[in-house]
Amino acid sequence: MEGAELAGKILSTWLTLVLGFILLPSVFGVSLGISEIYMKILVKTLEWATIRIEKGAPKEATLKNSASVGIIQRDESPMEKGLSGLRGRDFELSDVFYFSKKGLEAIVEDEVTQRFSSEELVSWNLLTRTNVNFHYISLRLTMVWVLGVIVRYCVLLPLRVTLAFIGISLLVIGTTLVGQLPDSSLKNWLSELVHLTCCRICVRALSGTIHYHNKQYRPQKGGICVANHTSPIDVLILTTDGCYAMVGQVHGGLMGIIQRAMVKACPHVWFERSEMKDRHLVTKRLKEHIADKKKLPILIFPEGTCINNTSVMMFKKGSFEIGGTIHPVAIKYNPQFGDAFWNSSKYNMVSYLLRMMTSWAIVCDVWYMPPMTREEGEDAVQFANRVKSAIAIQGGLTELPWDGGLKRAKVKDTFKEEQQKNYSKMIVGNGSLN
Amino acid sequence: MGSRSSHAAVIPDVDSIRRETGFSQASLVRLHHRFRALDRNKKGYLSRMDLQQIGALAVNPLGDRIIESFFPNGSQQVDFPGFVRVLAHFRPVEDEDTDQDPKKPEPLNSRRNKLHYAFQLYDLDRDGKISRHEMLQVLRLMVGVQVTEEQLENIADRTVQEADEDGDGAVSFLEFAKSLEKMDVEQKMSIRILK
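An unreviewed UniProt entry annotates chain B as Calcineurin like EF-hand protein 2 originating from Saimiri boliviensis boliviensis. What UniProt states about chain B under its Sequence similarities (unreviewed entry) heading is, verbatim, "Belongs to the calcineurin regulatory subunit family. CHP subfamily."

The name given to chain A in an unreviewed UniProt entry is Glycerol-3-phosphate acyltransferase 3, with the source organism recorded as Saimiri boliviensis boliviensis. The record in UniProt for chain A states the following under Subcellular location (unreviewed entry): "Endoplasmic reticulum membrane". Heading Sequence similarities (unreviewed entry) of the UniProt record for chain A holds this comment: "Belongs to the 1-acyl-sn-glycerol-3-phosphate acyltransferase family."

What follows is the structure, given as structure tokens:
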């Protein structure tokens, strides 16, 4: 009996502490500065660790920067120059040289494959998962690492799991309760309060430190917010600073429960799996949503899949055909404290969340950008590219024209047709055949 | 890109590969790194599908022919030595290669071997000759649906006639090499790996 009583006492003290230091301030959007102190200690420790590693590492010729620098000398001249001819010249047996060279170059190095694995760090951040090139350096470093493991798994993890649990339950209960009220401004205010509180709790569950820049450009009602996609946590990060209407498929299980609860309090746009295939239906519903100026801005991730936060891939034009004002947002994570990228082919959702909760912290920057609208004579694809460039420049990411869907599917034949067209024009072109 | 610990010690038979292909140690390490990045399921070899996943290769009109060149003799898998053997054809020609001991086999990146690689891309059935029919098929790959059958046949006929010397209606490797004797093959079929 004594054991149970003791356990009960510990649990209740624990919960009171959590309540006092974390939950209540979340409601009011106030920070007690505990996370700031934690981050300062963390930064100091990592700096110390980096110095130790640099002292200990042998001075070998580095392959370390190979991830960012190309490994082959590229000749980016267009097809015409590469085939060394003027337009309209005839086919030569040697034309095959150009294509085979380009093909072999792609085999040795291509810009897409590397974007679907986690970014590599220049120095170790005391997490085993990022320890790919660092060998045993010193006893002290190993001790610090062991201490780090203990802190992360025994102290931080239970705390974070508790918070996550509380956060999600509050969300479900809160939105269901608010959903009972009749439509009124009180309901909207309450639903915002519930959303924001629960999001703040969940962010603390990940030890997230988020810096928002240019808050004056925060997305307004009746607009569409687009952002680059790195992980499901992106949603959490954005909703902590404002309420959005989300768009997506209805899932089963826990996600489904959360979705159904949320839609009671404020109008999100959830689609059934079958409806997602009908693009006109999707566009129609979204148009209706933004036409109503009282509704919250829609949040969309036009890449369609998670990329590893070093680059921005093709924005699918669907979101840009709806019309309305686009509010671009750039999200950049700091990989030093924890890798936020969700490699869905490697980890499922649960192991991903576990990895998140056992990292040091999630640190990221969010830049709001001035709104953009489609200009005269610009089609959806060009508009999408314009927005993509703006986001890439702001976030310091590289821009790639490739479709994120390449992760799973093969590339569309239309791209190959373009190359074939270019080549045909050269050898047939002005009809200079005999 | 997965684990960076591709030191030379990890590559099996690195010395014999180096002798055969002429790649430097550093280049082999980089290529091994790349091989492992392409080998998504960590099988230890590459299949056709692994290569087809490369976007820039899939849009190349000759992408399929290039992928085929990695799987000679009907095999379905290519291991690291086989992978590097093909890439060795594109190694730039350096001065040290030109005064070779005549007893040693010709280096993979010699002019003749580079030409042979290009010849193979045309020679679909690997019989040592490019027939008019094979020429048509490869041309069709390069132009897709943009050119009519008639125009393509004209091009194929003209090309075979120009190169064919012994009048057998097909282009043998010697005839192929002769028709390209003025071409700077070494420069056009070279990929320089930066250190």
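Participant: Could you give an account of the overall build of chain A, naming the residues involved and the relevant values?
Facilitator: Helix and strand content of chain A: 13 helices and nine strands. Looking at the 434 residues of chain A, the share that counts as buried comes to 47%. Restricting the contact set of chain A to residue pairs at least 6 apart, pairs at least 24 apart contribute 77%. For chain A, the exposed surface amounts to about 21,900 Å²; the carbon and sulfur share of it is 62%.

Participant: Kindly report on the packing of aromatic side chains, identifying the contributing residues and their values.
Facilitator: For the coordinates displayed, the defined rule picks out 14 aromatic pairs over all chains. Ring plane angle 75° and centroid distance 5.4 Å describe the contact between Tyr98(A) and Phe99(A), whose orientation is recorded as edge-to-face. Phe99(A) carries the same exposure label as Tyr98(A), and that label is buried. An angle of 55° between the planes, with centres 5.3 Å apart, marks the rings of Phe35(B) and Phe83(B) as tilted. A residue pair is termed long-range when its members are at least 10 positions apart, and Phe35(B) in helix H2 (residues 25–38) and Phe83(B) in helix H6 (residues 80–88) qualify at 48 residues. Phe83(B) carries the same exposure label as Phe35(B), and that label is buried. An aromatic cluster is built from Phe35(B), Phe70(B), Phe80(B) and Phe83(B), whose rings are joined through pairwise contacts. We note Arg152(A) situated over the ring of Trp360(A); from NZ or CZ to the ring centre the distance is 5.3 Å. The cationic tip of Lys43(B) hangs over the ring face of Tyr45(B); the distance from NZ or CZ to the ring centre is 5.5 Å.

Participant: An account of the pattern of salt bridges is requested, with residue identities and associated values reported.
Facilitator: This model, assessed by the stated rule, comprises 20 salt bridges over all chains. Where Arg85(B) meets Glu20(B), a salt bridge forms, and the shortest distance between an N and an O atom there is 2.7 Å. Placement of the pair is Arg85(B) in helix H6 and Glu20(B) in helix H1 (residues 14–21), with a sequence separation of 65 residues. The residue Lys43(B) makes a salt bridge to Asp39(B) at a minimum N-O spacing of 3.4 Å. When salt bridges with common partners are traced through the structure, they connect Lys215(A), Arg218(A) and Asp241(A) into a single cluster.

Participant: How would you sum up the packing of helix H9 (residues 132–143) of chain B against helix H10 (residues 149–163) of chain B? Please name residues and give values.
Facilitator: Residues and elements named next belong to chain B. Packing of H9 against H10 leaves a shortest axis separation of 9 Å and a crossing angle of 125°. What the angle tells us is that H9 and H10 run oblique. Viewed along their axes, H9 and H10 form a crossing whose handedness is right-handed. Between H9 and H10, the contacting residues are Arg132, Met135, Leu136, Leu139, Arg140 and Val143 on the first element and Glu149, Leu152, Glu153, Ile155, Ala156, Asp157, Thr159 and Val160 on the second. Within the contact of H9 with H10, the residues separate by chemical class into eight nonpolar, one polar and five charged.

Participant: Describe the UniProt feature "domain: EF-hand" (unreviewed entry) in chain B, with residues and values.
Facilitator: Residues and elements named next belong to chain B. The sites that carry the UniProt feature "domain: EF-hand" (unreviewed entry) are, in the present numbering, residues 26–61, 110–145 and 151–186. As a span, residues 110–145 carries 67% helix and 8% strand, and end to end its C-alpha atoms are 35 Å apart. The span residues 151–186 shows a helical share of 61% and a strand share of 8%, and its end C-alpha atoms are spaced 31 Å apart.

Participant: So what's going on with the packing of H2(B) against H6(B)? Residues and values would help.
Facilitator: Residues and elements named next belong to chain B. Where H2 meets H6, the closest approach of the two axes is 11 Å, and the angle between their N-to-C directions is 120°. Considering their axes alone, H2 and H6 lie oblique with respect to each other. With respect to the hand of their crossing, H2 and H6 are arranged in right-handed fashion. Residue-level inspection shows Leu28, Leu31, His32, Phe35 and Leu38 of H2 in contact with H6, the latter providing Phe80, Phe83, Val84 and Leu87.

Participant: So what about the sheet that holds strand E8 (residues 362–368) of chain A? Which residues, and what values?
Facilitator: Strand pairing in a sheet relies on backbone hydrogen bonds. The paired strands run either parallel or antiparallel. All names here are of chain A. With mixed pairing, seven strands are arranged side by side in an open sheet as E1-E8-E7-E2-E5-E3-E4. Pairing within the sheet leaves two strands with one partner each, and these edge strands are strand E1 (208–213) and strand E4 (269–271). This sheet shows a mean twist of 25° between the axes of neighbouring strands, independent of strand direction. In the sheet, strand E3 (residues 245–249) pairs with strand E5 (residues 298–300) via two bridges, with the strands oriented parallel. Its bridge partner being in E5, methionine 246 is matched across the sheet by leucine 299.

Participant: Tell me about the UniProt feature "transmembrane region" (unreviewed entry) in chain A, residues and numbers included.
Facilitator: UniProt feature "transmembrane region" (unreviewed entry): in the numbering of this structure it lies at residues 12–34 and 161–181 of chain A. Regarding residues 161–181 of chain A, the helix share stands at 95% and the strand share at 0%, and the terminal C-alpha atoms are separated by 31 Å.

Parameters at a glance
Residues numbered from 1 in each chain as written. Chains lettered and ligands numbered in written order. Predicted model: local features only at pLDDT ≥ 70, side-chain atom pairs only at ≥ 80, totals over all residues. Heavy atoms only, no water. UniProt positions renumbered as here; feature names shortened; annotations may be inferred. Helix = DSSP H or I, 4+ residues; strand = E, 2+ residues; numbered from the N terminus. Buried < 20%, exposed > 50% of the residue type's maximum accessible area, 1.4 Å probe, protein only. Contact = heavy atoms within 4.5 Å. Areas by Shrake-Rupley, 256 points an atom, 1.4 Å probe, with all protein chains shown as cover. Phe/Tyr/Trp six-rings, centres within 6.5 Å; stacked < 30°, edge-to-face > 60°. Lys NZ or Arg CZ within 6 Å of the ring centre and 35° of its normal. Salt bridge = Lys/Arg side-chain N within 4 Å of Asp/Glu carboxyl O. Axes fitted to C-alpha atoms, helices over the stretch in contact; angles between N-to-C directions. Parallel < 35°, antiparallel > 145°, perpendicular 65-115°, else oblique. Left-handed = near helix turned anticlockwise from the far one by under 90°. Nonpolar A, V, L, I, M, F, W, Y, C, P; charged D, E, K, R; others polar. Pairing = 2+ DSSP bridges.

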